[in-house]
Amino acid sequence: MTIIERGHCPIDITIFPVYFEGKVVHGFGRGSKQLGIPTANLPTELYEHILEKIPVGVYYGWANVEGGRVYKTAMSIGWNPYFKTTKKTIEVHIMHRFKEDFYGSHLRVIALGYIRPMCDFSSLEDLIAGIKGDIDYANEQLDLPTNFQFSKNEYFHCLKSSRDSSSSDEEHHHPHH
């Protein structure tokens, strides 16, 4: 069993909140099929400069699809050591069971905090247990009033992509509407 220490952020926490959005793209197909923990993958090309500033790891926050209801989320940003992934990814697990896939749909995410660094798990069972622990930790953190307030953030209810009205220097830190 891999020992996981959660909640100790190696970066200046003033970087949070971090805003991401984009059309959901196909990932490696492992989230639902191999792990039973579905993820929505965002394209990383638009976020390379912000991804350089934050460490790879697991984060918690809020997300919505196509301007709908806002849900708690745990997300992985970076490489996945267990699967030997070499391309940096943003994989968002929304804590809600959707009836169908939503590839191509517009996803908005606010990352609010750091859970843990990436770990190389010794087995698939350990990886699944670790992810479930991350989800439990995210759930607890998002119930705190300082984090819960973001579930009602206007960012989730904008009709226009914030990318359409933001300058490139400001687009990832907060919306300007």
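Note that this is a predicted model, so its numbers are computed, not measured.

A. View of the overall build of the protein. Counting secondary structure elements, the protein contains 3 helices and 6 strands. Each helix and strand of the protein, ordered N terminal to C terminal, gives the series β-β-α-β-β-β-β-α-α. Relative to its full complement of 177 residues, the protein shows a buried share of 50%. Within the protein, contacts between residues at least 6 apart in sequence are counted, and of these 72% link residues at least 24 apart. Of the roughly 9300 Å² that the protein leaves accessible, carbon and sulfur atoms contribute 53%.

B. Spotlight on the side chain of Asp134. By secondary structure assignment, the location of Asp134 is in helix α2 (residues 124-142). Of note is the side chain of Asp134, whose polar atom sits 2.7 Å from the side chain of Arg116. Not counting chain neighbours up to four residues away, the residues in contact with Asp134 comprise Arg6, Val58, Ile115 and Arg116.

C. Here's a closer look at the nonpolar core. Judged by nonpolar contacts, the single largest core of 25 residues is most densely connected at Phe20 and Leu107. Looking at which element gives the most residues to this core, the answer is strand β6 (residues 106-116), with 4 residues. Not counting residues within four places of it along the chain, the set of residues in contact with Leu107 comprises Phe20, Glu21, Gly22, Val24, Ala40, Leu42, Ala63, Asn64, Val65, Val92 and Ile94. With 23 residues, the next largest nonpolar core counts Ile115, Cys119, Ile131 and Phe150 among its residues.

D. Region of interest: the sheet that holds β6. Sheet architecture is open: 6 strands sit in the order β1-β6-β3-β4-β5-β2, paired in antiparallel fashion. The two strands at the open ends of the sheet, each matched to only one other strand, are β1 (18-23) and β2 (40-42). Pairwise comparison of adjacent strand axes, ignoring direction, gives a mean angle of 35 degrees for this sheet. Relative to strand β4 (residues 71-78), strand β3 (residues 57-65) is paired through 7 bridges, and the arrangement is antiparallel. Bridge pairing links Ala63 to Tyr71 in β4. Strands in contact with α2 are β3, β4, β5 (89-94) and β6; relative to β3, the strand with the most contacts, it is inclined by about 65 degrees.

Definitions and limits used
Residues numbered from 1 in each chain as written. Predicted model: local features only at pLDDT ≥ 70, side-chain atom pairs only at ≥ 80, totals over all residues. Heavy atoms only, no water. Helix = DSSP H or I, 4+ residues; strand = E, 2+ residues; numbered from the N terminus. Buried < 20%, exposed > 50% of the residue type's maximum accessible area, 1.4 Å probe, protein only. Contact = heavy atoms within 4.5 Å. Areas by Shrake-Rupley, 256 points an atom, 1.4 Å probe, with all protein chains shown as cover. Polar contact = N/O pair within 3.5 Å; in protein donor to acceptor, adjacent residues only side chain to side chain. Core = buried A, V, L, I, M, F, W, Y, C linked by side-chain atoms within 4.5 Å. Pairing = 2+ DSSP bridges. Axes fitted to C-alpha atoms, helices over the stretch in contact; angles between N-to-C directions.

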